[in-house]
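Below, each chain spelled out in residue letters.
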Amino acid sequence: MIEVKQIHTKKELKKFVKFPFELYKDCKYWVPPLTKKEIETLDVTKNPVFKNAEASYFLAYKDGEIVGRIAAIINWLEVKDQNQKKMRFGWFDFIDDLEVSQVLLKEVEKIGKANQLEYTEGPVGFSNLDKVGLITEGFDAITPMVTWYNHPYYIKHYEAANYKVEKSYSESLFPFENVKPEFFYKAQEIIKRRYQLTALKLTKTNEVMPYVDKMFDLFNQSYASLSSFVAINDIQKAYFKKKFISFINPEYIKFVVDKDDNMVGFAIVMPAFSKALQKINGKLFPFGFRHIMHAKKNSKDVIFYLIGIHPDYQNKGVHAILFNEYYNTFTEKGIETCFRTPELEDNFAIHQIWKNIHTEVYRRRKTFKKSL
């Protein structure tokens, strides 16, 4: 007998966040989140996404033990402004028991029907800056901190509930030593002269901050054509600025501006924090911060988190300027391996950017959809 409880207290929310720590305790590829940060993400009083979204969290119990969890999410900007009648779900984890997964999905579906929504889709987060996708290939590689991990058995649970593949994503990697600067060095010099563009040389976080709002504006513009995109509003910009930017090496944030200081391109790369996060197991204090700072300064692996080019400059080679800047930075720091976070397989603009750098797809993800 499975009992499902909707959670309402901070104590229950902590149990919701901590469940995967038990589920994946013997998995060397799972990367635990920072418990405090994860709770804040899901806390209606802390995350500004709840100005335009709502979420219900459920825990499944069997014989008094937690055996599953799920977050049922409605992004009202998506529903009302974009007319996407979508019921989202994420943070969906469960033991290998079909009864557990099915009763949790039914809670999501009930909420969707009660709000006259047309379909459910998951696993997804609140916005495009959250984690996305169920791993369907590539289970034997450690996950970056900005993605979810899942056991292989999850797939059959979606299929048993009659969920069908909606979107496909791939994750890639390439050894930095394979990057050939001749593919972009001369081109980026010509492009900078032709369009009067400049790559900003920023080495301190306080130098980066004045450009962050422009970066998020450009993010909204450059990703607007994607079918899954929901724009980041001003409140969320401030939140993500505080949550992420100070966490990233300033020299790993690159901006390209025109002669009037308008941003036409940006990229964010992060050090690989996964091994450090495994060591600290969700706890930043008292000693976890030391491991994070060590990874920030010394990691030889990096993750390309976001790249955005203004629509007016797409297909004009602006990415070559960004790659040239990263080539110089990575050479100086002795970077060995570069990873790319999940990218939609039908995002042809991003594939075009990488066409001259041979990369290996090492993991694939899907989101799944069901009509209500």
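Residues numbered from 1 in each chain as written. Predicted model: local features only at pLDDT ≥ 70, side-chain atom pairs only at ≥ 80, totals over all residues. Heavy atoms only, no water.

1. Focus: the pattern of salt bridges
The tally for this structure, following the rule as stated, stands at 25 salt bridges. With its nearest N and O atoms 2.6 Å apart, the salt bridge here joins Glu325 to Lys201. Of this pair, Glu325 sits in helix 12 (residues 318-333) while Lys201 sits in the loop between strand 8 (198-199) and helix 7 (205-208), and the two are 124 residues apart along the sequence. Among the residues examined, Glu325 registers a relative accessible area of 7% and is labelled buried. (Salt bridge = Lys/Arg side-chain N within 4 Å of Asp/Glu carboxyl O. Helix = DSSP H or I, 4+ residues; strand = E, 2+ residues; numbered from the N terminus. Buried < 20%, exposed > 50% of the residue type's maximum accessible area, 1.4 Å probe, protein only.)

2. Some thoughts on the pairing of strand 11 (residues 301-309)
With respect to burial, strand 11 is a largely interior element, eight of its nine residues being buried. Across seven bridges, strand 10 (residues 263-271) lies against strand 11 in antiparallel orientation. For Ile268, the partnering residue across the bridge sits in strand 11 and is Leu306. As paired elements, strand 11 and strand 12 (residues 337-344) share four bridges and run parallel to each other. Among the inter-strand pairings, Asp301 is bridged to a residue of strand 12, identified as Thr337. Between the parallel elements strand 11 and strand 12, the chain passes through helix 12 in a crossover that is right-handed. (Pairing = 2+ DSSP bridges. Right-handed = clockwise from strand over helix to strand, strands pointing away.)

3. Some words on the packing of aromatic side chains
Applying the stated rule across the entire model yields 36 aromatic pairs. With a centroid separation of 5.6 Å and an interplanar angle of 55°, the aromatic rings of Phe174 and Trp354 are classed as tilted. With a gap of 180 residues between them, Phe174 in strand 7 (residues 164-175) and Trp354 in the loop between helix 13 (348-353) and strand 13 (360-371) connect regions that are remote in the sequence. Trp354 matches Phe174 in its accessibility class, with the two residues each being buried. Three or more aromatic residues link up through ring pairs in this structure, and these residues are Phe174, Phe176, Phe184, Tyr252, Phe304, Phe323, Tyr326, Tyr327, Phe330 and Trp354. Lying over the aromatic face of Phe21, Lys18 brings its terminal NZ or CZ to 4.0 Å of the ring centre. Lying across the ring of Phe16, Arg69 places its NZ or CZ 5.0 Å from the centre. (Phe/Tyr/Trp six-rings, centres within 6.5 Å; stacked < 30°, edge-to-face > 60°. Lys NZ or Arg CZ within 6 Å of the ring centre and 35° of its normal.)

4. Description of the environment of Ser222
Its location among the elements puts Ser222 in helix 8 (residues 212-223). Since its relative accessible area comes to 13%, Ser222 is described here as buried. Taking the C-alpha atoms as reference points, Ser222 and Asn249, separated by 27 residues in sequence, lie 23 Å from one another. Beyond its immediate stretch of four places on either side in the chain, Ser222 contacts Gly308, Ile309, Pro311 and Gln314. Polar side-chain contacts of Ser222 include one of 3.4 Å to the backbone oxygen of Phe219. (Contact = heavy atoms within 4.5 Å. Polar contact = N/O pair within 3.5 Å; in protein donor to acceptor, adjacent residues only side chain to side chain.)

5. Examining the pairing of strand 4 (residues 86-94)
For strand 4, the buried fraction is high: nine of the nine residues fall into the buried class. As paired strands, strand 3 (residues 65-75) and strand 4 are joined by five bridges and run antiparallel to one another. Opposite Gly68, over in strand 4, you have Phe94 as the bridge partner. Relative to strand 5 (residues 119-122), strand 4 is paired through three bridges, and the arrangement is parallel. Bridging across to strand 5, Arg88 finds its partner in Glu121. Chirality of the crossover, the property in question, places the unit of strand 4, helix 4 (residues 98-114) and strand 5 among those that are right-handed.

6. Side note on helix 9 (residues 234-243)
Buried within helix 9 are the following residues: Gln236, Lys237, Tyr239 and Phe240. Within helix 9, the buried residues cover an arc of 165° as seen down the axis, which keeps them to one side. In helix 9, the exposed positions angled more than 90 degrees off the buried face are occupied by Asp234 and Lys242. Of the surrounding secondary structure, the elements contacted by the buried residues of helix 9 are helix 2 (35-42) and helix 8. (Arc of directions from axis to C-beta.)

7. So, unusual backbone geometry
A cis amide bond links Gly122 with the next residue in sequence, Pro123, at an omega value of 0°. Positionally, Pro123 belongs in the loop between strand 5 and strand 6 (134-137). A cis geometry characterises the amide bond from Phe285 onward to Pro286, with omega recorded as 10°. Relative to the assigned elements, Pro286 resides in the loop between helix 10 (274-280) and helix 11 (288-298). Backbone geometry at Gln196 places phi at a positive 55°, although glycine is not the residue there. Within the secondary structure layout, Gln196 lies in the loop between helix 6 (185-195) and strand 8.

8. Considering the nonpolar core
Ranked by internal contacts, the top residues of the largest apolar core, which has 71 residues, are Met215, Phe255, Phe266, Phe304, Ile307, Phe330 and Trp354. Excluding residues that lie within four positions of it along the chain, Met215 makes contacts with Ile245, Phe255, Met263, Phe266 and Ile268. (Core = buried A, V, L, I, M, F, W, Y, C linked by side-chain atoms within 4.5 Å.)

9. Observations regarding the packing of helix 6 against helix 12
Taken N-terminus to C-terminus, the directions of helix 6 and helix 12 make an angle of 125°; their axes are 8 Å apart at the nearest point. Considered as vectors, helix 6 and helix 12 are oriented oblique to each other. Helix-helix and strand crossings are classified by hand; for helix 6 and helix 12 the assignment is left-handed. Where helix 6 abuts helix 12, its residues Tyr185, Gln188, Ile191 and Lys192 lie against Val318, Ala320, Ile321 and Asn324. (Axes fitted to C-alpha atoms, helices over the stretch in contact; angles between N-to-C directions. Parallel < 35°, antiparallel > 145°, perpendicular 65-115°, else oblique. Left-handed = near helix turned anticlockwise from the far one by under 90°.)

10. A look at the environment of Asp213
Mapped onto the secondary structure, Asp213 falls in helix 8. The class of Asp213 is partly exposed, set by a relative accessible area of 36%. Every residue in contact with Asp213, bar those within four places of it in the chain, is listed here: Lys237 and Lys241.

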